[in-house]
Amino acid sequence: MTSKELIASGELELYVAGLLSEERNAELAQLIQDDEDIRQEVEAIEQIVMRLAAEASVSDTEDFNEVLKKIVKQRVGKVQSDETEPTPKKKVIPLTPYIGWAAAAIFLMFFVYQYQTTTEVQTILTSNIEQKEKLEEQIESQIQNTILKEELLKTVASINTKKINLAGQEISPDSNVSVFWNTEKDKIIIDASQLPEAPDSMVYQVWSLTLSPLTPTSIGLLDNYSNQNTLFSFDNPNASEAFGITLEPNGGSETPNLEQLYVLGTTDS
Amino acid sequence: MDKTDILVAQLKVKDVDAFEQLHHMYAKNILGAINVIIQDEAISKEICQDVFVKVWEKSQLYDAAKGRFFTWLLNMARNAAIDYSRSKEFKTQKKNHSLDLFVSIYEQPTDNTTSGEKYDGLRRMLKQLKRKCVELIEMLYFKDYTQKMAAERLSIPLGTVKSRNRNCLKHLRENLKND
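About the cut-offs
Residues numbered from 1 in each chain as written. Chains lettered and ligands numbered in written order. Predicted model: local features only at pLDDT ≥ 70, side-chain atom pairs only at ≥ 80, totals over all residues. Heavy atoms only, no water. Helix = DSSP H or I, 4+ residues; strand = E, 2+ residues; numbered from the N terminus. Buried < 20%, exposed > 50% of the residue type's maximum accessible area, 1.4 Å probe, protein only. Contact = heavy atoms within 4.5 Å. Areas by Shrake-Rupley, 256 points an atom, 1.4 Å probe, with all protein chains shown as cover. Buried area = accessible area lost by both parts, 1.4 Å probe. Salt bridge = Lys/Arg side-chain N within 4 Å of Asp/Glu carboxyl O. Pairing = 2+ DSSP bridges. Expected span 1.5 Å × (residues − 1). Bend = angle between axes of the 7 residues up to and from the residue. Disulfide = S-S within 2.5 Å. Axes fitted to C-alpha atoms, helices over the stretch in contact; angles between N-to-C directions. Phe/Tyr/Trp six-rings, centres within 6.5 Å; stacked < 30°, edge-to-face > 60°. Lys NZ or Arg CZ within 6 Å of the ring centre and 35° of its normal.

For chain B, an unreviewed UniProt entry supplies the name Sigma-70 family RNA polymerase sigma factor and the organism Winogradskyella pelagia.

Chain A carries the name Anti-sigma factor in an unreviewed UniProt entry, which gives Winogradskyella pelagia as its organism.

Shown next as structure tokens:
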């Protein structure tokens, strides 16, 4: 069949309507690539059908942000519904009266832990001078962790702190990150103990997201992330509607790589 | 590769900018295609958004060898609208729902319509056609009719569906070119 015959046959109109067999579609897709006349004809048919369709629309369609919101909500909802046990009636326990007690208990545990650690460190220091340098590094890291833990306790105990759960995404369903966001001081603390260790030359990057329009803003990198170092503190002056963590090349990226989205959670969940 | 092919390739690797451009290019058409079946602005908009969510989620499944990107979108929109139109909720809401939007617009007397009125542009396009063309175009592009089903409903031979559809669209294209 020549291209003129094909054009006159009416088959291309059915192709645009999606009414031909898979086999014929594949043949025509190839012909469209190879033959300029056929390509132009198909585009003209498509244009007229698109115009008819557009004339049947009644309102504006500048609602791309609504589409993005639905995508984010669906992702978050999917992970949450996967995680949620089918408990038909949940008993709601008001947490406020327990926050003070919880903070006190954590403080106590923390001081016991710190005392034990300090004693251990002192013993080792006196008995093994060669390891002094290495131990000093560990102590430095311990101090930093201690400061962060104190900050975490203060933040968690504050009435202005929201706890946001970032659920594991497709790439890492078992991951789970807690964000403590003190909206009064514009500070967040991230407990990233449930993230897998980042591969060499890669780093986790934390993003604040606003949904309309969908705008990711980098909050910072989980630098020196390791099993011992899983608490991170950042300033967050953003009006965040969601937080996400992606894996990026060392140094971080300008925009998040959604294929490497490890955890995500909305602030209203 | 034309512009659409490039944007579709970018969509497949989850490029949000490309997705936004494709939404801008096709949302009005997809909304219209849904509205032909649903005939309700708010519900059609919701379904249109859901179709684009699906486009994002399923973009990997689009295969250019199986058809045009627009055809893929149109098919998804038609299916979503038809599914919704079969729901109980929709059936109870839509007591005065006309079955064939194109045909009902075509049959409205011209004297009763003014410029700028709802579906005015569509009415002017359809009025350039014969009734049998309006029926056939609505069935093949905006409903889920196969060639065979259209032939049976219109009581015409199967081969006539193809040639009539070609002549109807050709006529419309030529008239619009002269506008």
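Having put the structure on the table, let's press on.
Sorry if this is basic, but what is going on with the overall build of chain B here?
On a plain count of helices and strands, chain B comes out with 10 helices and zero strands. Counting all 179 residues of chain B, 50% fall into the buried class. In chain B, the share of contacts with a sequence separation of at least 24, taken over all contacts with a separation of at least 6, comes to 59%. When the accessible surface of chain B is totalled, it reaches about 9100 Å², and 49% of it is carbon and sulfur.

Explain the interface of chain A and chain B to me, please; I cannot follow it from the model alone.
Interface size is commonly expressed as the accessible surface area that is lost when the partners come together. On the chain B side, the residues contacting the 49 residues of chain A number 55 residues. Carbon and sulfur atoms supply 65% of the area buried between chain A and chain B, which totals about 4900 Å² over both sides. A salt bridge links Glu41(A) to Arg173(B); the shortest N-O distance between them is 2.9 Å. Secondary-structure elements contributing two or more residues to the side of chain A that touches chain B are α1 (3–9), α2 (11–17), α3 (22–34), α4 (36–55) and α5 (64–83) of chain A. No other element matches the 14 residues that α4(A) contributes to the side of chain A that touches chain B.

So what exactly am I meant to see when it comes to the pairing of strand β2 (residues 176–182) of chain A here?
Walk down a regular strand and you will see the side chains alternate between the two sheet faces. All names here are of chain A. With six of seven residues buried, β2 lies mostly within the body of the structure. For strand β1 (residues 161–168) and β2, the ladder comprises seven bridges, and the chain directions are antiparallel. Residue Lys-163 lies in a different strand from β2, and its bridge partner there is Phe-180. In this structure, β2 lies alongside strand β3 (residues 187–194), joined through six bridges in antiparallel fashion. Bridge assignment links Asn-182 to a residue of β3, and that residue is Lys-187. Count of turn residues in the β2/β3 antiparallel hairpin: four residues, of which Asp-186 carries a positive phi of about 55°.

Sorry if this is basic, but what is going on with helix α2 (residues 16–38) of chain B here?
In an α-helix, one full turn covers 3.6 residues, which means residues spaced three or four apart are oriented alike. All names here are of chain B. The end-to-end C-alpha distance of α2, which contains 23 residues, comes to just 29 Å, noticeably less than the 33 Å that a straight helix rising 1.5 Å per residue would cover. At Tyr-26, α2 shows its maximal kink, close to 50°. Backbone geometry just after α2 places Gln-39 at a positive phi near 55°.

Would you explain the state of the cysteines in this entry?
What we call a disulfide is simply a covalent bond connecting the sulfur atoms of a pair of cysteines. All names here are of chain B. Evaluated as defined, the whole model comprises one disulfide over all chains. Between Cys-133 and Cys-168 runs a disulfide, and the two sulfur atoms are separated by 2.0 Å. The chirality of the disulfide connecting Cys-133 with Cys-168 is left-handed, given an S-S dihedral of about -75°. Separated by 35 residues along the polypeptide, Cys-133 in helix α8 (residues 131–142) and Cys-168 in helix α10 (residues 158–178) bring together distant segments of the chain.

Could you clarify how one ought to interpret the sheet that holds β2(A) in this entry?
Picture the strands of a sheet paired through backbone hydrogen bonds; they go either parallel or antiparallel. Residue and element names in this part refer to chain A. The sheet built from eight strands is open, its strands ordered β5-β4-β7-β8-β1-β2-β3-β6 with antiparallel pairing. The sheet is open, and its two borders are formed by β5 (214–221) and β6 (231–235), each paired with just one other strand. Geometrically, the sheet is characterised by an average inter-axis angle of 25° between neighbouring strands, direction not taken into account.

Just checking my understanding: could you explain the environment of Asn165(A) for this structure?
Residues and elements named next belong to chain A. Within the secondary structure layout, Asn-165 lies in strand β1. The exposure class of Asn-165 is partly exposed, given its relative accessible area of 31%. Once the C-alpha coordinates of Asn-165 and Leu-264 are considered, the two residues, 99 residues apart in sequence, prove to be 8.1 Å apart.

Would you mind going over the packing of aromatic side chains with me for this structure?
Geometrically, a pair of aromatic rings is defined through the distance of the ring centres and the angle of the planes. Residues and elements named next belong to chain B. Within the structure shown, the criterion is met by 11 aromatic pairs over all chains. When the centroid spacing of 5.3 Å and the interplanar angle of 80° are considered together, the rings of Tyr-62 and Phe-69 count as edge-to-face. Grouping residues by exposure puts Tyr-62 and Phe-69 together as buried. The interplanar angle of 50° and the centroid separation of 5.0 Å between the aromatic rings of Phe-102 and Phe-142 together place this pair among those described as tilted. One end of the pair, Phe-102, is in helix α6 (residues 101–107); the other, Phe-142, is in helix α8, with 40 residues separating them in the sequence. In this structure, Phe-102 and Phe-142 share a single accessibility class: buried. Clustering of aromatic rings is evident, with ring pairs tying together Tyr-26, Tyr-62, Phe-69, Phe-70 and Trp-72. In this arrangement the basic side chain of Lys-127 is found over the ring face of Tyr-106, its NZ or CZ atom lying 5.3 Å from the centre.

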